[in-house]
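# Summary of the model geometry
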Amino acid sequence: MDGAARSREQLRDGPLGVSAAYEGGSADIARGRELARDFLARLREAHGLPVSDRAMDVVQLVVSELLTNACKYAPGPSLVDLRLTGGGVEVSVWDSDPVLPVAEAPDPGRVGRHGLEIVLGLCRSLEVHREAVGKRTTAEVLLAGDPHREAAGRRP
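Residues numbered from 1 in each chain as written. Predicted model: local features only at pLDDT ≥ 70, side-chain atom pairs only at ≥ 80, totals over all residues. Heavy atoms only, no water.

### Remarks on the overall build of the chain
To keep things clear, this is the line we draw: Numbered from the N terminus, helices here are DSSP runs of H or I no shorter than four residues, and strands are runs of E no shorter than two. Partly exposed residues are those whose accessible area sits between 20% and 50% of the maximum for their type, while under 20% is buried and over 50% is exposed, using a 1.4 Å probe and protein chains only. In what follows, residue pairs with any heavy atoms lying within 4.5 Å of each other are defined as contacts. Only the protein chains shown count as cover for residues, and all accessible areas are computed by the Shrake-Rupley method using a 1.4 Å probe.
The helix and strand inventory of the chain stands at 4 helices and 6 strands. Taken from the N to the C terminus, the helices and strands of the chain come in the order β-β-α-α-β-β-α-β-β-α. The buried share of the chain, taken over its 156 residues, is 39%. Taking contacts inside the chain between residues at least 6 apart in sequence as the whole, the part at least 24 apart equals 59%. Here the chain displays about 8300 Å² of accessible surface, and carbon together with sulfur accounts for 54% of that area.

### Digging into the environment of V58
With respect to the secondary-structure elements, V58 resides in helix α2 (residues 53–73). Along the chain, V58 and V141 lie 83 residues apart, while their C-alpha atoms are 7.3 Å from each other. Beyond its immediate chain neighbours, meaning those up to four positions away, V58 contacts L122 and V141.

### Regarding the packing of α2 against helix α3 (residues 115–122)
So the rule is basically this: Working convention: axes come from line fits to C-alpha atoms, limited for helices to the stretch in contact. Angles between N-to-C directions cover 0 to 180 degrees. Small angles under 35 degrees read as roughly parallel and large ones over 145 as roughly antiparallel, with 65 to 115 read as roughly perpendicular and the rest as oblique. A clockwise turn of the near helix away from the far one marks a right-handed crossing, whereas an anticlockwise turn of less than a right angle marks a left-handed crossing. Each residue is assigned to one class: nonpolar for Ala, Val, Leu, Ile, Met, Phe, Trp, Tyr, Cys and Pro, charged for Asp, Glu, Lys and Arg, and polar for all the others, Gly among them.
Two elements in contact, α2 and α3, have axes separated by 10 Å at closest approach and are oriented at 150°. By the criterion of interaxial angle, the relationship of α2 to α3 is roughly antiparallel. Crossing angle aside, the handedness with which α2 passes α3 is left-handed. Facing α2, whose interface residues are R54, V58, L61, V62, E65 and L66, α3 presents G115, I118, V119 and L122. Here the residues of the contact of α2 with α3 are counted per class, giving 7 nonpolar, 1 polar and 2 charged.

### Quick look at the confidence of the model for the chain
The line we're drawing: Each residue carries a pLDDT score, the predictor's own confidence in it, on a scale running from 0 to 100.
Confidence in the prediction for the chain averages 84 pLDDT; 83% of positions are at 70 or higher. Of the regions scoring below 50 in pLDDT, residues 1–14 engages in 31 contacts with residues more than four places distant in sequence or in other chains. Low pLDDT, under 50, characterises residues 149–156; the stretch is placed with 11 contacts to residues that sit more than four places away or in other chains.

### Remarks on the nonpolar core
Inside soluble globular proteins, nonpolar side chains tend to come together where they are buried. Heads up, the condition is: By nonpolar core is meant a set of buried Ala, Val, Leu, Ile, Met, Phe, Trp, Tyr and Cys residues that side-chain atoms within 4.5 Å join together.
In this structure, L40, L43, V59, V62, L82, V89 and V91 are the most contacted members of the largest nonpolar core, which totals 33 residues. With 9 residues, α2 is the single largest residue contributor to this core. With residues near it in sequence (within four places) discarded, L43 still touches L16, G48, L49, V51, L84 and V89.

Structure, rendered in structure tokens:
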């Protein structure tokens, strides 16, 4: 499928989710955003779930930032998993680089390298774990609600 192969798609039985494997090129970033957009649109339209416009934008941005990091720092393939959680969407990106990312201190004069900082500011939670090969970065975005309340409910 144009450089991406969907390995799993469940929208009826068990947890609602979708996955895609990517080759590691820069075009994968746009494909990842499209996967997120299509998944959220199906949650909204086919399942009647309250997906706010803000959540639609934030999930696409988070996928974009995490896939950008995978393309820049990890040679080879990456995997994206999107899964419906209690009140949000879990965005998980696996890549082959075992080095865990570290958010740099805010610096408005720095050009680039703000992706993890952005993800931390937008998501309810962010976790990074080493795996047998590479690492998995997982963020949760709330689907609906007041952004101020979301920030107050953010989990470490």
